[in-house]
Amino acid sequence: MKRIAEFIYEAGILQNTPRSGLWYLGTGSQNVAEHSFRTAIIAYALAEMRDDVDSNRIAVMALFHDFTEARTSDHNYVHQKYCVVDEKKARMDAFANLSFGEKTIQEINNIKDRKTIEAQIVKDADNLELLATLRSEQEQGNKRAGEWIITVKKRMITENGTMLAEELCRMHPDEWWFDRDGQWWISREE
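The following paragraphs examine the structure supplied in this document. This structure is a prediction, so every number in the text was calculated from the model and none was measured.

1. Section: the layout of surface pockets
Any empty space left between atoms is shown by rolling a water-sized probe over those atoms.
Link 1 in the chain: Approximately 940 Å³ is the volume found for the largest pocket.
Link 2 in the chain: As for the largest pocket, its lining consists of 35 residues, and the residues nearest its centre are Asp-74, His-75, Asn-76, Tyr-77 and Gln-80.
Link 3 in the chain: Counting only elements with at least two residues in the lining of the largest pocket, the list comes to helix 2 (21-25), helix 5 (69-72), helix 6 (77-82), helix 8 (101-113), helix 9 (117-139) and helix 10 (144-154).
Link 4 in the chain: In terms of residues, the lining of the largest pocket owes the most to one element, helix 9, which gives 5 residues.
Link 5 in the chain: Roughly 310 Å³ of volume is contained in the second largest pocket.
Link 6 in the chain: Forming the walls of the second largest pocket are 15 residues, and the residues nearest its centre are Arg-38, Ile-42, Ala-132, Leu-168 and Met-171.
Link 7 in the chain: Taken together, the elements giving at least two residues each to the lining of the second largest pocket come down to helix 3 (32-48), helix 9 and helix 11 (159-170).
Link 8 in the chain: Per-element tally for the lining of the second largest pocket: the top contributor is helix 3, with 4 residues.
Link 9 in the chain: Considered class by class, the residues forming the lining of the second largest pocket number 10 nonpolar, 2 polar and 3 charged.

This is the structure in structure tokens:
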């Protein structure tokens, strides 16, 4: 039980670990826990579009894809040019002595290799989460976000990931809740 309790507290560090790429964008803020949660939601949705994958497994893979950043911090593309991070050691240490540790390490390694359809779906979900964040920043006036979006869209691996990227770019982030033409917003009547 002690090891599980330690793991729970370690997971909490992700709430305090900023996603550092947004520093270079100049606006927005997000922590690794927020990113991982929405990535898992996106991965599940992408997996549910297929009949040949396990949606729950993919969601769990996505949930843990950046877990070791509790130990290593988030390293954006600029940091990655100059910093060497021992991700393998961080994975081994983070999941040591846990009943699900070996299995989780294998899944994270699978994501890093990107050879399986499951890993490709998780990687697309990771990038789609960034794209959705960038679209929100773009709609709030950050002109540079549009330049970043072009690059992120090129990272898509799966057909469904590519189509979802296009849809995220087509629509306004508020469209899911704000019906500009709806009467309710005027009179609050159906």
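After that view of the structure, there is still more to cover.
2. Some points on helix 3
Link 1 in the chain: A rise of 1.5 Å per residue sets the reference length of helix 3, with its 17 residues, at 24 Å; its end C-alpha atoms lie 24 Å apart and thus fit the reference within 8%.
Link 2 in the chain: Within the span of helix 3, buried status applies to Val-32, His-35, Ser-36, Thr-39, Ala-40, Ile-42, Ala-43, Leu-46 and Ala-47.
Link 3 in the chain: In this structure, the buried residues of helix 3 make contact with helix 4 (55-64), helix 5, helix 9 and helix 11.
Link 4 in the chain: Taking the backbone nitrogen of Ala-33 as reference, a side-chain oxygen 3.0 Å away marks Asn-31 as the first, capping residue of helix 3.

3. Side note on the packing of aromatic side chains
A ring pair, where both rings are aromatic, is described by two values, the distance of the centres and the angle of the planes.
Link 1 in the chain: Counted according to the given criterion, the structure contains 8 aromatic pairs.
Link 2 in the chain: Taken together, a centroid distance of 5.5 Å and an interplanar angle of 50 degrees make the contact between Trp-177 and Phe-178 tilted.
Link 3 in the chain: These aromatic residues form a ring-pair network of at least three members: Phe-7, Phe-64, Phe-67, Phe-95 and Phe-100.

4. A closer look at the pattern of salt bridges
Link 1 in the chain: One pass over the full model with this rule turns up 17 salt bridges.
Link 2 in the chain: The partner of Glu-10 in a salt bridge is Arg-71, with the nearest N and O atoms 2.6 Å apart. In this pair, Glu-10 sits in helix 1 (residues 2-13) while Arg-71 sits in helix 5, placing the two residues 61 residues apart along the sequence.
Link 3 in the chain: Looking at Glu-10, the relative accessible area reads 11%, which means it is buried.
Link 4 in the chain: Residue Arg-71 is classed as partly exposed on the basis of its relative accessible area, which comes to 41%.
Link 5 in the chain: Note that Arg-135 is salt-bridged to Glu-139, the shortest N-O span being 3.0 Å. Pair noted here: Arg-135 and Glu-139 are both in helix 9, with a separation of 4 residues, about one helical turn.
Link 6 in the chain: Take Glu-139: its relative accessible area is 38%, and that puts it in the partly exposed class.
Link 7 in the chain: Through salt bridges that share partners, Lys-2, Arg-3 and Glu-6 make up one connected network.

What counts, and at which threshold
Residues numbered from 1 in each chain as written. Predicted model: local features only at pLDDT ≥ 70, side-chain atom pairs only at ≥ 80, totals over all residues. Heavy atoms only, no water. 1 Å grid on protein atoms, 1.4 Å probe; cavity = no way out; pocket = protein on both sides within 12 Å on 5 of 7 lines; lining within 4 Å. Points joined across faces, edges and corners; volume = space filled by probe spheres on them. Helix = DSSP H or I, 4+ residues; strand = E, 2+ residues; numbered from the N terminus. Nonpolar A, V, L, I, M, F, W, Y, C, P; charged D, E, K, R; others polar. Expected span 1.5 Å × (residues − 1). Buried < 20%, exposed > 50% of the residue type's maximum accessible area, 1.4 Å probe, protein only. Contact = heavy atoms within 4.5 Å. Polar contact = N/O pair within 3.5 Å; in protein donor to acceptor, adjacent residues only side chain to side chain. Phe/Tyr/Trp six-rings, centres within 6.5 Å; stacked < 30°, edge-to-face > 60°. Salt bridge = Lys/Arg side-chain N within 4 Å of Asp/Glu carboxyl O.

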